[in-house]
Amino acid sequence: MNQTAVGEVEKLVDPMLPQLMSIRKTVWETDDTFTIQLEKADHYDAEFTFLPGQFNMLYVFGMGESALSISSDPLKPGTLAHTIHRVGTVTTALSQMKRGDVIGVRGPYGTNWPIEKANGLDVCIVAGGIGLAPLRPALYSLFRRRRDYGRILLLYGARSPLDLLYRVELEQWSKLYDVEVLVTVDRSDSTWKGYIGVVPSLFMYIKLDARATIAMVCGPEVMMQYTIAEILRRGIPPEQIYLSMERNMNCAVGFCGHCQYGPKFICKDGPVFGYPHISHLFEKKEI
Amino acid sequence: MQKEDLTDVLRKHPFVGDLEKQYLQLLVGCAKNVHFQEGEYLCHEGEAADSFFLIRTGRVAVEIHAGHKGKRRIQTVGPGEVLGWSWLISPYRWHFDGCAVAEVRALTLDGKCLRTKCDKDHDFGYEMLKRLSHVFQSRMEATRLQLLDVYGTR
């Protein structure tokens, strides 16, 4: 067995071994969504690095693991964070953890948003609900080299004004980084002065240079389905559309098949896909 | 505003901008410019729907009364969009309140005037109906998506 082969064997084993990390801080974004900041709690010297769009497996000992997108700045060392929707056993346990509590972290896994490919182009980011979390690292990366990109548009939808993530940052992004931010909610009372309606309806209010625009989309699948139809209607070529998919994951390294999506595995072929690679699967109800 | 000016304004609105010249002239005869401050109502549920609006700037919130839950805003209508189609459907009553959430400039079209012209010129009527059908379809799609409550787990 040569050196490369040995390396490959090691890779097959190591991905299942979690690093220990402790909770540094928990910030509640909404009444059921929170962001945990993590710091190393073991003896690994290496800095935790990741690419925008990748995810980790977070292991609450005695409870189980959950695949969760990384929502922090990939270029800011020591700030690893996950924004988590409290929906099940593991995420509820994570929400109850205190500063210093230790969890296991495996990762990062999966494909990333095409930040390099966006060079010189306008970038249209479309997020629904918790889907803004995996797109936040992409936004941070774009901001680092703001001049390398044209317009940056962020179309973001949530259930209600109280369900909006990163409310303070949304305003800052608009002011500091010249991001055109359009936020819509599904319903509201009369205190909300912004848009009300579904995310695809926001395209009515923007003008796009379709050939020079790259789109990155993340949100509930049905929302992405309607959004992509709208993006295609606006003339953005399919090969310039990227989306992040979600399925239940178990191993996160393409062994177990839990996240199989047609011939693809969301964990290793995704979660970020170029639209042409999955367009034939996207509207199939069976998958 | 002169009729020539109104024609220009109509031409700039996506709902009717590409209509043939003679149809635009029919519309001009029923149209006028209107302006609403933030907080003003363009229409009220139950009142006669004797007009509709082509929004030029600003934003209108569509409000419905949800019993003891009070008023709920379920949609906003913005620049380039159409507010109201009850002018076309008997008994011609508004089914919601429309409140300007940002200063609104719009064209209002007299529903009765337009219905009469649609009845007289069926080609024109069909053209208007096709355009409104597109509005119906997109609103219905949006409503379906909202009903799915795709972000919610509660």
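What counts as what
Residues numbered from 1 in each chain as written. Chains lettered and ligands numbered in written order. Predicted model: local features only at pLDDT ≥ 70, side-chain atom pairs only at ≥ 80, totals over all residues. Helix = DSSP H or I, 4+ residues; strand = E, 2+ residues; numbered from the N terminus. Rg over C-alpha atoms; globule rule 2.2 N^0.38 Å. Pairing = 2+ DSSP bridges. Contact = placed C-beta atoms within 7 Å. Axes fitted to C-alpha atoms, helices over the stretch in contact; angles between N-to-C directions. Buried ≥ 20, exposed ≤ 12 C-beta atoms within 10 Å, placed from the backbone. Right-handed = clockwise from strand over helix to strand, strands pointing away. Core = buried A, V, L, I, M, F, W, Y, C linked by C-beta atoms within 7 Å. Domains from an automatic or database assignment. Nonpolar A, V, L, I, M, F, W, Y, C, P; charged D, E, K, R; others polar. Parallel < 35°, antiparallel > 145°, perpendicular 65-115°, else oblique.

Trainee: Is there a simple way to think about the overall build of chain B in this case?
Mentor: If you tally the helices and strands in chain B, you get 4 helices and 6 strands. In sequence order, the secondary structure elements of chain B are arranged as α-α-β-β-β-β-β-β-α-α. Against the compact-globule benchmark of 15 Å for 154 residues, chain B has a radius of gyration of 16 Å, which places it among compact chains. If one aligns the C-alpha atoms of chain B with their principal axes, the spans along those axes are about 55 × 30 × 30 Å.

Trainee: Teacher, can you tell me more about the sheet that holds strand β10 (residues 195–196) of chain A here?
Mentor: Backbone-to-backbone hydrogen bonds join strands into a sheet, with any given pair of strands oriented parallel or antiparallel. Residues and elements named next belong to chain A. Spatially, 7 strands are ordered β10-β9-β8-β7-β11-β12-β15 in an open sheet, and the strand pairing comes out mixed. At either end of the open sheet lies a strand with only one pairing partner, and these are β10 and β15 (272–274). As defined by bridge partners, strand β7 (residues 122–128) adjoins strand β8 (residues 152–158) across 6 bridges and the pair is classed as parallel. Looking across to β8, one finds that Gly-128 is bridged to Gly-157. Strands in contact with helix α4 (residues 167–176) are β8 and β9 (179–185); relative to β9, the strand with the most contacts, it is inclined by about 150 degrees. The strands touched by helix α7 (residues 275–282) are β12 (241–244) and β15; relative to β15, the strand with the most contacts, the crossing angle is about 95 degrees.

Trainee: I keep staring at the pairing of β12 of chain A and nothing clicks. Help me out?
Mentor: Regular strands place their side chains on alternate faces of the sheet. All names here are of chain A. Side chains of β12 alternate between two faces, with Ile-241 and Leu-243 and Tyr-242 and Ser-244 buried alike. Inspection of the sheet shows strand β11 (residues 213–218) paired to β12 by 4 bridges, in the parallel sense. The partner of Cys-218 across the bridge, within β12, is Ser-244. Taken together, β11, helix α5 (residues 221–233) and β12 form a β-α-β motif whose crossover is right-handed. Alignment of β12 against β15, held across 3 bridges, turns out to be antiparallel. Pairing of Tyr-242 across the sheet is with Gly-274, part of β15.

Trainee: Mind showing me how you'd approach the pairing of β9 of chain A here?
Mentor: Residues and elements named next belong to chain A. In this sheet, β9 lies alongside β8 in parallel orientation, the contact comprising 7 bridges. Note on β9: the bridge partner recorded for Gly-157 is Thr-184. Pairing analysis gives 2 bridges linking β9 to β10, with the strands arranged parallel. The residue bridging Thr-184 from the neighbouring strand is Tyr-195, located in β10.

Trainee: Explain the nonpolar core here, please?
Mentor: Nonpolar side chains tend to gather and get buried jointly when the protein is soluble and globular. Within the largest apolar cluster, 110 residues are counted, with the highest numbers of intra-cluster contacts made by Ile-125, Ala-215 and Met-216 of chain A together with Val-60 of chain B. Shared between two domains, this core holds at least three residues of each, these being domain 1 (3–109) and domain 2 (122–244) of chain A. Val-60 of chain B has contacts with Leu-42, Ile-55, Thr-76, Val-77, Leu-83, Gly-98, Cys-99, Ala-100, Val-101 and Val-104 of chain B, leaving out every residue within four places of it along the chain.

Trainee: How do you make sense of the sheet that holds strand β5 (residues 81–85) of chain A when you look at a structure like this?
Mentor: Residue and element names in this part refer to chain A. Strands sit in the order β4-β3-β6-β1-β2-β5 across an open sheet of 6 strands; the sheet is antiparallel. The open sheet is flanked by β4 (64–69) and β5, the only strands paired with a single partner. Strand-to-strand twist in this sheet, taken as the mean axis angle between neighbours without regard to direction, amounts to 40 degrees. Two elements, strand β3 (residues 55–60) and β4, share 6 bridges in a ladder whose sense is antiparallel.

Trainee: What is the right way to look at the interface of chain B and chain A in this model?
Mentor: You'll often see interface size given as the accessible area lost when the parts meet. Counting from both sides, the interface comprises 21 residues of chain B and, opposite them, 24 residues of chain A. Among the elements that make up the side of chain B that touches chain A, the one with the highest residue count is strand β4 (residues 71–77) of chain B (6 residues). Counted by class, the side of chain B that touches chain A contains 10 nonpolar, 7 polar and 4 charged residues.

Trainee: Mind showing me how you'd approach the packing of helix α3 (residues 111–120) of chain B against helix α4 (residues 122–148) of chain B here?
Mentor: Pairs of packed helices are described in terms of their axes, by the angle between the two and the distance that separates them. Residue and element names in this part refer to chain B. Between α3 and α4, the shortest axis-to-axis distance is 5 Å and the interhelical angle comes to 120 degrees. Taken together, the axes of α3 and α4 lie oblique to each other. Facing α3, whose interface residues are Lys-117, Cys-118 and Asp-119, α4 presents Phe-124, Gly-125 and Met-128. Here the residues of the contact of α3 with α4 are counted per class, giving 3 nonpolar, 1 polar and 2 charged.

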